[in-house]
Amino acid sequence: MTHPTEAPAVPAPIDHWIGGAPFAAVSGRTAPVRNPATGEQIATVGLATEAEVDRAVQAAEAAFPAWRALSLTRRADLMFTIRQLVRERRDEIAELITAQHGKVLSDARGEVTRGLEVIEFCCGIPHLLKGAMSEQASTGIDVYSLRQPLGVVAGITPFNFPAMVPMWMWAVALACGNTFVLKPSEKDPSVSLYTAELLRDAGVPDGVFNVVNGDKVAVDALLAHHDVAAVSFVGSTPVARYVYERATAAGKRCQAFGGAKNHMVVLPDADVEMAADAAVSAAYGSAGERCMAISMLVAVGDVADPLVAAIERRIPAVTVGDGADPASEMGPLITADHRDRVASYVANAGGEGGRVVVDGRDGADGDANGFFLAPSLIDDLEPGMAAYDDEIFGPVLGVTRVGTYEEAVALVNENPFGNGTAIFTRDGGVARQFSFAVQAGMVGINVPIPVPVAFYSFGGWKSSLFGDRHLYGTEGIDFYTHSKVVTARWPDPATSTVDLGFPQTR
Ligand code: NAD
């Protein structure tokens, strides 16, 4: 595996992890893995063939019977060990994230911490899998419910949270007794192989957790494989829609999380300085490459001018640089192509009627070969303009101005995405009305990035989620298990008769 800080002269190969050991990629198809802060190629990832995917699924299938039969206390014990190892190795994981994703180290550590919370939640798996029992549901008959694992489940994950999003999937899936095949993003794959080593070190049996690196070929092979029972996907909306349609057509259970356009509504009574701090943090943190980033501010009434001015004042203080440098607050974007695509929205906004208040193309510091873009602020955006309609997924904050609270809620509700949203106000009644009326899966009240804690569940509405079960929390447990209800009667010769009627309660 590539060490996070020393780039080898010849880019190191990144392989798969199948059946408890590294497995050299054989397809000959590869993709470069770069350090986004320098542009340098630091590794080469092998892209799996259908046969390699099949090998991983077969390893997971072979491991399933023993894994599902392991007692709940033993599985919980393993989750505690995994939790401990992730805590001990948090910095190493964070360094790997920063080296291939580019986000600053403190943010990478935060990512690991939010994944760790879900592992901690899974330590309580004996309680979470408890069913219900009704004694004497009918005379001499007891009824009880069980939750049982699905079998081999696949996780297909995006580049922007290379540790946390997989943890949200595999921790719950494994705790429920499933075996797992992870297909991480080909842009920052190493942390997944590190995870495989960590799980092996914790004592997870061979084949329970597997990694296949790859692109659409690997994804399509997982979606078509008859031994894959369920698919969890996180990524952009077009791919999420495709994955959901293919997986469900093949008879699999699927949850496919897509993109976002998260609106932060600021009412005239809000504390402007607090709202500006929140907007800058939530728009530019991780260079805006978060599905819960705030990308649109909806300024209501006369709060708009002071709010835009307060944000404009803060932007020059955001330190953009190599994520490995502790002084940096915002790192580069993931690739040069993505940086250029994000920059094009800033370049074109003026022509559509937007007003570029801060142009991030002017102030990009850092290595000239890195994929840097400084924060941008664009005012006067409206639906119908590309910078409003599209998920830009970069450090670009748009502002739209409306006259009333009702217009603000209508904008959020008319948007095709429904991942997260937030309102900033001092009025508890209006905030309550907002959470009642707004059509999004996660709502913040004076909290700009309302990613739920691990004992609730994470997920959006509308084009931000295809499927009906959210990630982690009790919905995660539901997604990764079948429910079964047993109706039981024990022989009692004194009450036994022949009765051809339909069974009724007595
Ligand atoms: P992406 O859709 O490009 O890739 C996601 C995964 O799908 C990767 O593993 C990739 O290899 C695979 N993939 C890409 N193109 C494919 C294709 N044509 N067919 C089959 N598989 C394909 O997404 P990304 O750029 O890695 O991640 C950013 C996106 O993810 C953003 O849209 C962001 O909003 C979204 N995201 C959503 C959530 C959420 O919870 N809703 C969380 C994180 C990221």
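Residues numbered from 1 in each chain as written. Predicted model: local features only at pLDDT ≥ 70, side-chain atom pairs only at ≥ 80, totals over all residues. Heavy atoms only, no water.

## Considerations on the site of the ligand
In the vicinity of the ligand lie 24 residues, with Lys183, Glu186, Ser236, Gly258 and Glu391 positioned nearest. At 2.7 Å, a side-chain N or O of Lys183 approaches an oxygen atom of the ligand. Measuring from an oxygen atom of the ligand, one finds a side-chain N or O atom of Glu391 at 2.5 Å. Considered on its own, the ligand offers 840 Å² of accessible surface; in the complex 87% of this is hidden by protein. Sorting the residues of the shell around the ligand by element identifies helix H8 (216–224) and strand S11 (228–234) as the ones contributing at least two each. Classifying every residue of the shell around the ligand by side-chain character gives 12 nonpolar, 8 polar and 4 charged. A domain split of the shell around the ligand shows at least three residues from each of domain 1 (12–258 + 464–485) and domain 2 (262–445). (Near = heavy atom within 4 Å. Polar contact = N/O pair within 3.5 Å; in protein donor to acceptor, adjacent residues only side chain to side chain. Areas by Shrake-Rupley, 256 points an atom, 1.4 Å probe, with all protein chains shown as cover. Helix = DSSP H or I, 4+ residues; strand = E, 2+ residues; numbered from the N terminus. Nonpolar A, V, L, I, M, F, W, Y, C, P; charged D, E, K, R; others polar. Domains from an automatic or database assignment.)

## Side note on the domain arrangement of the protein chain
Per the domain assignment, the segments of the protein chain are domain 1 (12–258 + 464–485) and domain 2 (262–445). Domain 1 and domain 2 are separated by 31 Å when their C-alpha centres are compared. Contact with domain 1, which involves 20 residues of that partner, is made by 24 residues of domain 2. For the pair domain 1 and domain 2, the summed buried area comes to about 1,800 Å², and 61% of that belongs to carbon and sulfur atoms. Counting the surface domain 1 buries against domain 2, the share from its top three residues, Ala37, Val104 and Ser464, is 27%. (Contact = heavy atoms within 4.5 Å. Buried area = accessible area lost by both parts, 1.4 Å probe.)

## Here's the deal with the sheet that holds strand S14 (residues 294–300)
Read across the sheet, 7 strands follow the order S15-S16-S17-S14-S13-S19-S20 without closing on themselves; strand pairing throughout is mixed. The open sheet has two edge strands, strand S15 (355–358) and strand S20 (442–445), and neither has a second partner. The sheet shows a mean angle of 20° between the axes of neighbouring strands, taken without regard to direction. Where S15 meets strand S16 (residues 376–379), 3 bridges bridge the pair, whose relative direction is antiparallel. Each bridged residue has a counterpart across the sheet, and for Val356 the counterpart in S16 is Ile378. In the packing of helix H15 (residues 428–437) onto the sheet, contacts are made with strand S13 (262–266), strand S19 (420–424) and S20, and the angle to S19 comes to roughly 165°. (Pairing = 2+ DSSP bridges. Axes fitted to C-alpha atoms, helices over the stretch in contact; angles between N-to-C directions.)

## Concerning unusual backbone geometry
The phi torsion at Ala287 lies on the positive side, around 55°, for a residue other than glycine. With relative accessibility at 2%, the residue Ala287 sits in the buried group. Look at Lys462: it is not a glycine, yet its phi comes out positive at around 50°. Along the chain, Lys462 turns up in strand S21 (residues 461–462). (Buried < 20%, exposed > 50% of the residue type's maximum accessible area, 1.4 Å probe, protein only.)

## Side note on a nonpolar patch on the surface
Together, Val453, Phe455 and Tyr456 make up an exposed nonpolar region whose accessible area comes to about 350 Å². Assignment of secondary structure puts Val453 in the loop between S20 and S21. Looking at Val453, the relative accessible area reads 36%, which means it is partly exposed. (Patch = residues over 30% accessible without salt bridge, like charges linked within 9 Å, V, L, I, M, F, W, Y side chains within 5 Å. Salt bridge = Lys/Arg side-chain N within 4 Å of Asp/Glu carboxyl O.)

## Digging into the packing of helix H2 (residues 72–88) against helix H6 (residues 164–175)
Where H2 meets H6, the closest approach of the two axes is 10 Å, and the angle between their N-to-C directions is 155°. Classed by the angle they form, the pair H2 and H6 counts as roughly antiparallel. Between H2 and H6, the contacting residues are Arg75, Met79, Ile82 and Val86 on the first element and Met167, Trp170, Ala171, Leu174 and Ala175 on the second. (Parallel < 35°, antiparallel > 145°, perpendicular 65-115°, else oblique.)

## Quick word on the pattern of salt bridges
Counted under the stated rule, the structure contains 23 salt bridges. Among the salt bridges present, the one from Asp478 reaches Arg469, with a minimum N-O distance of 3.8 Å. One network of salt bridges, with partners in common, ties together Asp305, Arg355, Asp379, Asp380 and Arg401.

## Focus: the packing of aromatic side chains
For the structure on display, the rule yields 9 aromatic pairs. Both rings, one in Trp170 and one in Phe209, keep their centres 5.9 Å apart while their planes meet at 70°; by these two values the pair is edge-to-face. Taken together, the residues span a long stretch of sequence, with Trp170 in helix H6 and Phe209 in strand S10 (residues 209–211) at a distance of 39 residues. No difference in accessibility class separates Trp170 from Phe209, as the two residues are buried. Considering the side-chain rings of Tyr244 and Phe466, the 6.5 Å spacing of their centres and the 35° angle between planes classify their relative orientation as tilted. Of the two residues, Tyr244 sits in helix H9 (residues 237–249) while Phe466 sits in strand S22 (residues 465–466), which places them 222 residues apart along the sequence. Looking at Tyr244, the relative accessible area reads 26%, which means it is partly exposed. Members of the aromatic cluster, each reached through a chain of ring pairs, are Trp168, Phe458 and Tyr472. (Phe/Tyr/Trp six-rings, centres within 6.5 Å; stacked < 30°, edge-to-face > 60°.)

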